[in-house]
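# Architecture at a glance
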Amino acid sequence: VAGAARSTRTSPGPVSAPAVRISEVGLEDAAATSSGIPELDRVLGGGVVPGAVMLLAGEPGVGKSTLLLEVAARWAASGRRTLYVSGEESAAQVRLRAERTSALHDELFLAAETDLGGLLTHIDDVGPSLLIVDSVQTIGSSQIEGVPGGVTQVREVAGTVIAREQTYVHTFYKK
């Protein structure tokens, strides 16, 4: 804006990669992968994109956890490692639902966790290509101000997980 005062707090610095023409940007790293559920893929614009984070929200009891468990099971059934982290239910409760919906697969890993540090350890140990956190509001850290589910905690938890993951990890959060 002409005549606007310039900020002197930030000066030019190093860039992570040079700017390129948009027509030269490769699309291979953003190719969508099917979630295994055609209607969900349609809503997501073709499927799950590597490095993408999706937030699934809705009224209590409409089936968000069941849908995410089904996505996890189908992802795992295709031979891709999946980590489902439940902060709302015990591992046994999720296992019962998995049995009822035929969602048991060797590549589907399950953890009941509410501590951010524990969540990060599970990610490191399992090395998933799909991470589902049910629900991000239940994860917290004593090193972050506020209570789990509060704006500060949710923002920090999501930001920490996103920053830590490599670009090939797909993440679903349930709110």
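Below, the structure is looked at part by part.

Conventions we followed
Residues numbered from 1 in each chain as written. Predicted model: local features only at pLDDT ≥ 70, side-chain atom pairs only at ≥ 80, totals over all residues. Heavy atoms only, no water. Axes fitted to C-alpha atoms, helices over the stretch in contact; angles between N-to-C directions. Helix = DSSP H or I, 4+ residues; strand = E, 2+ residues; numbered from the N terminus. Parallel < 35°, antiparallel > 145°, perpendicular 65-115°, else oblique. Left-handed = near helix turned anticlockwise from the far one by under 90°. Contact = heavy atoms within 4.5 Å. Nonpolar A, V, L, I, M, F, W, Y, C, P; charged D, E, K, R; others polar. Core = buried A, V, L, I, M, F, W, Y, C linked by side-chain atoms within 4.5 Å. Buried < 20%, exposed > 50% of the residue type's maximum accessible area, 1.4 Å probe, protein only. Salt bridge = Lys/Arg side-chain N within 4 Å of Asp/Glu carboxyl O. Pairing = 2+ DSSP bridges. Polar contact = N/O pair within 3.5 Å; in protein donor to acceptor, adjacent residues only side chain to side chain.

### Thoughts on the packing of helix 4 (residues 116-126) against helix 5 (residues 151-164)
Running from N to C, helix 4 and helix 5 point in directions that differ by 20 degrees, and their axes come no closer than 11 Å. When the axis of helix 4 is compared with that of helix 5, the two are roughly parallel. Once helix 4 is placed against helix 5, the crossing between them reads as right-handed. Across the interface between the two elements, Leu116, Leu119, Leu120, Ile123 and Asp124 of helix 4 pack against Val157, Thr160, Val161 and Arg164 of helix 5. Classifying every residue of the contact of helix 4 with helix 5 by side-chain character gives 6 nonpolar, 1 polar and 2 charged.

### Notes on the nonpolar core
Formed by 18 residues in total, the largest nonpolar core has its most connected members in Leu69, Tyr84, Leu108 and Ile132. When residues of this core are assigned to their parent elements, the largest contribution, 7 residues, is made by helix 2 (residues 64-77). Counting residues in hydrophobic clusters, the runner-up holds 15 residues, among them Val85, Ala111, Ile123 and Ile144.

### Some words on the pattern of salt bridges
Considering all chains together, one arrives at 6 salt bridges under this definition. A salt bridge links Arg97 to Glu89; the nearest nitrogen and oxygen atoms lie 2.5 Å apart. Looking at Arg97, the relative accessible area reads 9%, which means it is buried.

### Side note on the pairing of strand 4 (residues 130-134)
Of all 5 residues in strand 4, 5 are buried, a share of seventy percent or more. Side chains Leu130, Ile132 and Asp134 project from strand 4 onto one buried face, and the interleaved Leu131 and Val133 project onto a second face that is buried too. Sheet topology places strand 2 (residues 82-86) next to strand 4; 5 bridges connect them, and they run parallel. Within strand 4, the residue paired with Tyr84 across the bridge is Ile132.

### Focus on the side chain of Thr82
Mapped onto the secondary structure, Thr82 falls in strand 2. For Thr82, the side chain forms a polar contact with the main-chain oxygen of Arg80, separated by 3.1 Å. Those residues in contact with Thr82 that lie beyond four places of it in its chain are Ala72, Trp75, Ala76, Glu107, Leu108, Phe109, Pro128 and Leu130.

Worth remembering: the numbers are spatial, not functional.
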